[in-house]
Protein chains: 2
Amino acid sequence: MKSKELALERVLPEEIEKRSFELITMELGGKVLNPEYEPVIKRVIHTTADFDYADNLIFSPHAVLEGIKALKEGVRIITDTNMGMAGINKKALKRNGCSISCFMSDEDVAEYAMLHHTTRAYASMDKAAKLSEDCIFAVGNAPTALVRLYELIKEGIICPRLIIGVPVGFVNVVQSKELIMSLPDIPFIVAKGRKGGSNVAAAIVNALLYQIQQP
Amino acid sequence: MKSKELALERVLPEEIEKRSFELITMELGGKVLNPEYEPVIKRVIHTTADFDYADNLIFSPHAVLEGIKALKEGVRIITDTNMGMAGINKKALKRNGCSISCFMSDEDVAEYAMLHHTTRAYASMDKAAKLSEDCIFAVGNAPTALVRLYELIKEGIICPRLIIGVPVGFVNVVQSKELIMSLPDIPFIVAKGRKGGSNVAAAIVNALLYQIQQP
């Protein structure tokens with residue numbers, strides 16, 4: 001009888017990611033992915049081991065190219081969780097001169113949320129709207145953040161470079177994503193349905209960053 | 001025709017989580033969950049919107065009670081990602097006098113991994129093994145961390161209070177979890193199969209913390 005240790009596949013540390021992507025490609029079989037979207041879809045599957053994302057991820061035309069362009073220009077990224085912020089590759093951000101912020105734990109955001117009887121996620125989008133620059137928004141947790149982004153865009157107050165709209169859950173998650181997908185002029189990458197998460201948001205940002213070739 | 005905004009469910013900010021758990025319970029229908037495991041299973045589904053976890057999560061006998069006991073005693077938690085660490089409720093940790101560490105970005109860990117031609121996750125478990133205390137390990141990313149924990153336990157070097165073994169992915173993920181589930185005397189909570197993640201690891205720790213009633 002084989003011992004359990006023997007069942008481990010021998011893969012060098014630096015080869016693990018490459019081997020994972022090979023296995024994902026094999027398992028996707030004959031499924032044809034749009035080459036622009038493929039690196040994003042595969043990295044999200046790599047992050048979740050969930051092949052539903054091969055069908056769930058919805059891209060506005062050229063959303064990936066728009067996102068990469070913004071990152072090359074040193075865009076600021078706003079996330080709705082510290083967890084999402086922690087999962088984004090800081091070295092790759094720095095190489096491109098990008099910055100990243102999450103306002104969820106800020107005292108002024110907590111006060112604003114309490115005063116307006118709303119969520120901190122909603123309030124943190126209002127704080128982001130006061131920035132002088134157009135940002136990438138990576139929303140992996142709070143549908144209320146997406147709802148507020150939708151309102152701010154409709155009111156002409158912000159014009160995001162890209163919205164990564166992948167909150168997860170049960171209350172208004174599906175609806176909030178539909179709102180973002182109804183926007184005609186804003187680049188978006190959305191995980192249709194209930195699934196998503198901070199890990200998915202971070203994986204999508206990383207998938208864009210890793211496509212930027214360094215000089 | 002209803003506007004898209006009207007389709008949003010009206011739920012007060014402080015009621016969103018409660019409403020989510022109601023929807024999860026409804027959707028689980030008649031499925032009978034072990035009451036000890038139920039809060040963990042439901043919180044993981046809340047975090048992922050993935051009902052596979054109703055069947056995937058495997059608990060050693062009394063793993064939840066053992067984990068709660070350790071947390072009440074102010075145990076130290078070791079994670080294999082900064083993302084997992086970011087997702088764990090710091091206020092709840094502090095209330096119980098618990099601490100948390102992730103050694104993945106430490107320079108000595110990077111050097112050790114390079115020298116021994118292994119992963120930083122593996123090396124970071126060796127660093128944790130040098131601590132004078134028995135810890136809870138929350139592994140959401142690296143199967144090599146679980147493999148090293150298994151070896152260190154078999155060698156009698158460590159005796160974890162609980163292993164949360166939920167790495168995600170394709171290379172040795174399934175096997176590494178089987179190794180942990182083969183340990184007869186170590187409490188574990190494992191996501192059988194390929195699925196898991198730093199978000200799942202954090203959700204499990206939080207599910208344990210939230211069951212501790214404050215005096």
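Computed from a prediction, not measured in an experiment: that's the story for all the values here.

Chemist: Could you clarify how one ought to interpret the overall build of chain A in this entry?
Modeler: Counting its regular elements, chain A contains eleven helices and six strands. Here chain A has a C-alpha radius of gyration of 18 Å; the compact-globule value for 215 residues is 17 Å, and the two agree. Sequence separation of 24 or more characterises 66% of the internal contacts of chain A that already satisfy a separation of 6 or more. With the model as given, the accessible surface of chain A reaches about 9,800 Å², and the carbon-plus-sulfur share is 53%. The averaged location of the 26 negative side-chain charges in chain A is 4 Å from the averaged location of its 25 positive side-chain charges.

Chemist: Please clarify how the pairing of strand β6 (residues 188–191) of chain B should be interpreted in this entry.
Modeler: On a regular strand, one side chain projects to one face of the sheet and the next to the other, so that they alternate. Residue and element names in this part refer to chain B. Side chains Phe 188 and Val 190 project from β6 onto one buried face, and the interleaved Ile 189 and Ala 191 project onto a second face that is buried too. Where strand β1 (residues 57–59) and β6 come together, three bridges link them in antiparallel fashion. Paired with Leu 57 across the bridge in β6 is Ala 191. Pairing analysis gives three bridges linking strand β5 (residues 162–165) to β6, with the strands arranged parallel. The residue of β6 that forms the bridge with Ile 163 is Phe 188. Taken together, β5, helix α10 (residues 173–181) and β6 constitute a β-α-β crossover, and its handedness is right-handed.

Chemist: Just checking my understanding: could you explain the pattern of salt bridges for this structure?
Modeler: Opposite charge on two side chains permits them to pair, given that their charged atoms come into close proximity. Residues and elements named next belong to chain B. A full pass over the atoms with the stated rule returns 38 salt bridges over all chains. Across the pair Arg 19 and Glu 22 runs a salt bridge whose closest N-O atoms are separated by 3.3 Å. One end of the pair is Arg 19 and the other is Glu 22, both in helix α1 (residues 16–28) and three residues apart, which spans about a single turn. Judged by relative accessible area, which is 26%, Arg 19 ranks as partly exposed.

Chemist: So what exactly am I meant to see when it comes to the UniProt feature "domain: Cobalamin biosynthesis precorrin-8X methylmutase CobH/CbiC" (unreviewed entry) in chain A here?
Modeler: As recorded in UniProt, the feature "domain: Cobalamin biosynthesis precorrin-8X methylmutase CobH/CbiC" (unreviewed entry) lies at residues 15–210 of chain A. Between the end C-alpha atoms of residues 15–210 of chain A the distance is 16 Å, and the span holds 52% helix and 12% strand.

Chemist: Is there a simple way to explain the state of the cysteines in this structure?
Modeler: Put plainly, two cysteines are in a disulfide when a covalent bond ties their sulfur atoms together. Counted according to the given criterion, the structure contains zero disulfides over all chains. Unpaired in this structure, Cys135(A) has its nearest cysteine sulfur neighbour in Cys98(A), at a distance of 11 Å.

Chemist: Sorry if this is basic, but what is going on with helix α11 (residues 198–209) of chain A here?
Modeler: Side chains of residues three or four places apart in an α-helix project in the same direction, reflecting 3.6 residues per turn. All names here are of chain A. Compared with an ideal rise of 1.5 Å per residue, which puts twelve residues at 16 Å, α11 spans 17 Å between its outermost C-alpha atoms and is within 8% of the ideal. Extensive coverage of α11 is indicated by the burial of twelve of its twelve residues. Ser 198, Asn 199, Val 200, Ala 201, Ala 202, Ala 203, Ile 204, Val 205, Asn 206, Ala 207, Leu 208 and Leu 209 are the residues of α11 that are buried.

Chemist: Looking at this structure, I do not really get the packing of helix α7 (residues 107–115) of chain A against helix α8 (residues 120–129) of chain A. What am I missing?
Modeler: Relative placement of two packed helices is described by the angle separating their axes and the distance separating the axes. Residues and elements named next belong to chain A. Here α7 crosses α8 at 115°, and the two axes come no closer than 8 Å. Pair α7 / α8 crosses with right-handed handedness. From α7, Asp 108, Val 109, Ala 110, Tyr 112 and Ala 113 reach across to α8, where they touch Arg 120, Ala 123, Ser 124, Asp 126 and Lys 127. When grouped by side-chain class, the residues that make up the contact of α7 with α8 number five nonpolar, one polar and four charged.

Chemist: How do you make sense of the interface of chain B and chain A when you look at a structure like this?
Modeler: Many authors give the size of an interface as the accessible area that is lost as the parts come together. Each side of the interface is counted separately: chain B has 46 residues, and chain A has 46 residues. Interface area for chain B against chain A, summed over the two sides, is near 3,600 Å², with a carbon-plus-sulfur share of 69%. Sorting the residues of chain B by area buried against chain A places Met83(B), Phe170(B) and Val171(B) first, and these three jointly supply 20% of that buried surface. On the surface where chain B and chain A come into contact, there are four salt bridges. The salt bridge partner of Asp50(A) is Lys195(B), with a shortest N-O separation of 4.0 Å. Between chain B and chain A we count five residue pairs in polar contact (both at pLDDT 80 or more) in total. If you list the elements that add at least two residues to the side of chain B that touches chain A, you get α1, α2 (38–48), α5 (82–87), α9 (143–154), α10 and α11 (198–209) of chain B.

Criteria and thresholds
Residues numbered from 1 in each chain as written. Chains lettered and ligands numbered in written order. Predicted model: local features only at pLDDT ≥ 70, side-chain atom pairs only at ≥ 80, totals over all residues. Heavy atoms only, no water. Helix = DSSP H or I, 4+ residues; strand = E, 2+ residues; numbered from the N terminus. Rg over C-alpha atoms; globule rule 2.2 N^0.38 Å. Contact = heavy atoms within 4.5 Å. Areas by Shrake-Rupley, 256 points an atom, 1.4 Å probe, with all protein chains shown as cover. Lys, Arg positive; Asp, Glu negative; His and termini not counted. Charge placed at Lys NZ, Arg CZ, Asp CG, Glu CD. Buried < 20%, exposed > 50% of the residue type's maximum accessible area, 1.4 Å probe, protein only. Pairing = 2+ DSSP bridges. Right-handed = clockwise from strand over helix to strand, strands pointing away. Salt bridge = Lys/Arg side-chain N within 4 Å of Asp/Glu carboxyl O. UniProt positions renumbered as here; feature names shortened; annotations may be inferred. Disulfide = S-S within 2.5 Å. Expected span 1.5 Å × (residues − 1). Axes fitted to C-alpha atoms, helices over the stretch in contact; angles between N-to-C directions. Left-handed = near helix turned anticlockwise from the far one by under 90°. Nonpolar A, V, L, I, M, F, W, Y, C, P; charged D, E, K, R; others polar. Buried area = accessible area lost by both parts, 1.4 Å probe. Polar contact = N/O pair within 3.5 Å; in protein donor to acceptor, adjacent residues only side chain to side chain.

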